[in-house]
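Architecture and fold: a report
Each chain is listed here by its residues.
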Amino acid sequence: VRDVAVEAGVSTGIVHYYFGSREEMLVNALRWAIGKPAERFAELRQDGDHLHVLAALLEVSLPHPGVLFDEYVLWLEFWTAVTHDSSLQPLCEELAAEYREEMVRLVRDGTASGAFRPVAGTHIVAERISAMVDGLCFRSVVGYSWTPLDHVRDMIRMFACEQLGVAPADLPEIHLSRREARS
């Protein structure tokens, strides 16, 4: 709370006024962070290029330095809070479901269009890809030497291609600029 107050240039009392608890502040920050990509993917899906949407979804799922890295730190903080307060678990699941549902929608729509040929059912493949993203990206955020960002990107893209029956060469290369990753 103190860090947020300092960054905002206000007192901790003001922060407590608007956010009743540290957990409430985390939840609001996560809701805001999750809402931005969801809006962008709704726009991207409209053009029907499922491979491009997949590449973009995977790229913005990476913990790029800046806002995307900070979002992972928020998730780590929130997961820790859930382990100490089980009443937060339904909210944690609700927030995590938004990413999962985006992945399910993409796999379902891409399969229906013929762009994907998944190795298992829609929900299973979406869950596998989401779990791979979570695991590797959180390792990268923690700083494991064997999970630098470029290596994580390559492993996630390759795994998604394997799960979706897509040739890796067909998946567009999308790299966020430093400016995009920080905003």
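As the structure is a prediction and not an experimental result, all values here were calculated from the model.

1. Quick notes on the packing of helix α6 (residues 89–113) against helix α7 (residues 122–142)
- For the pair α6 and α7, the least separation of the axes is 9 Å and the interaxial angle reads 130°. Our classification of the angle between α6 and α7 gives oblique. Handedness of the α6/α7 crossing: right-handed. Residues Tyr 99, Arg 100, Met 103, Val 104, Val 107 and Arg 108 of α6 touch α7, and the partners they reach there are Thr 122, His 123, Val 125, Ala 126, Glu 127, Ile 129, Ser 130 and Val 133.

2. What to know about the packing of helix α5 (residues 67–84) against α6
- Where α5 meets α6, the axes come as close as 9 Å, and the angle between the chain directions of the two elements is 150°. One element, α5, and the other, α6, form an angle in the roughly antiparallel class. α6 is crossed by α5, and the crossing has left-handed handedness. Taking contact as the criterion, the partners of Trp 75, Phe 78, Trp 79 and Val 82 in α5 are, on α6, Gln 89, Leu 91, Cys 92, Leu 95 and Ala 96.
- Considered class by class, the residues forming the contact of α5 with α6 number eight nonpolar, one polar and no charged.

3. A short note on the nonpolar core
- Counting residues in hydrophobic clusters, the biggest one holds 43 residues, and the most contacted among them are Leu 58, Phe 78, Ile 129, Ile 156 and Leu 164.
- Elements supplying a minimum of two residues to this core: α3 (22–45), α4 (50–60), α5, α6, α7 and α8 (149–164).
- Element by element, the count of residues in this core is highest for α7, at eight residues.
- Once you skip the residues sitting within four places of it in the chain, Ile 129 turns out to touch Leu 58, Met 103, Phe 159, Ala 160, Gln 163 and Leu 164.

4. What about the pattern of salt bridges?
- Applying the stated criterion to the full structure yields six salt bridges.
- The partner of Glu 59 in a salt bridge is Arg 153, and the shortest N-O contact between them spans 2.7 Å. Here Glu 59, found in helix α4, pairs with Arg 153, found in helix α8; they are 94 residues apart in sequence, far enough to count as distant. In this structure, Glu 59 and Arg 153 share a single accessibility class: buried.
- Its salt-bridge partner being Glu 173, residue Arg 157 comes within 3.3 Å of it at the nearest N-O pair. Taken together, the residues span a long stretch of sequence, with Arg 157 in helix α8 and Glu 173 in the loop between α8 and α9 (178–182) at a distance of 16 residues.
- Through salt bridges with shared partners, one network takes in Glu 59, Asp 150 and Arg 153.

5. Details of a nonpolar patch on the surface
- Taken together, the side chains of Val 10, Ile 14, Tyr 17 and Tyr 18 present a nonpolar region at the surface, about 460 Å² in accessible area.
- With respect to the helices and strands, the residue Ile 14 is situated in helix α2 (residues 12–18).
- Overall, the relative accessible area of 39% leaves Ile 14 in the partly exposed class.

6. Describing the side chain of Arg 157
- Classification of Arg 157 as buried rests on a relative accessible area of 11%.
- Other than its neighbours up to four places away in sequence, Arg 157 contacts Ala 55, Leu 58, Leu 171, Pro 172, Glu 173 and Ile 174.

7. Details of the environment of Pro 168
- Secondary-structure assignment places Pro 168 in the loop between α8 and α9.
- Through-space distance from the C-alpha of Pro 168 to that of Met 158 is 6.5 Å; in sequence the pair is 10 residues apart.
- Apart from the residues lying within four places of it in its own chain, the contact partners of Pro 168 are Met 158 and Cys 161.

Cut-offs applied
- Residues numbered from 1 in each chain as written.
- Predicted model: local features only at pLDDT ≥ 70, side-chain atom pairs only at ≥ 80, totals over all residues.
- Heavy atoms only, no water.
- Axes fitted to C-alpha atoms, helices over the stretch in contact; angles between N-to-C directions.
- Helix = DSSP H or I, 4+ residues; strand = E, 2+ residues; numbered from the N terminus.
- Parallel < 35°, antiparallel > 145°, perpendicular 65-115°, else oblique.
- Left-handed = near helix turned anticlockwise from the far one by under 90°.
- Contact = heavy atoms within 4.5 Å.
- Nonpolar A, V, L, I, M, F, W, Y, C, P; charged D, E, K, R; others polar.
- Core = buried A, V, L, I, M, F, W, Y, C linked by side-chain atoms within 4.5 Å.
- Buried < 20%, exposed > 50% of the residue type's maximum accessible area, 1.4 Å probe, protein only.
- Salt bridge = Lys/Arg side-chain N within 4 Å of Asp/Glu carboxyl O.
- Patch = residues over 30% accessible without salt bridge, like charges linked within 9 Å, V, L, I, M, F, W, Y side chains within 5 Å.
- Areas by Shrake-Rupley, 256 points an atom, 1.4 Å probe, with all protein chains shown as cover.

Just geometry here; none of it tells us what the structure is for.
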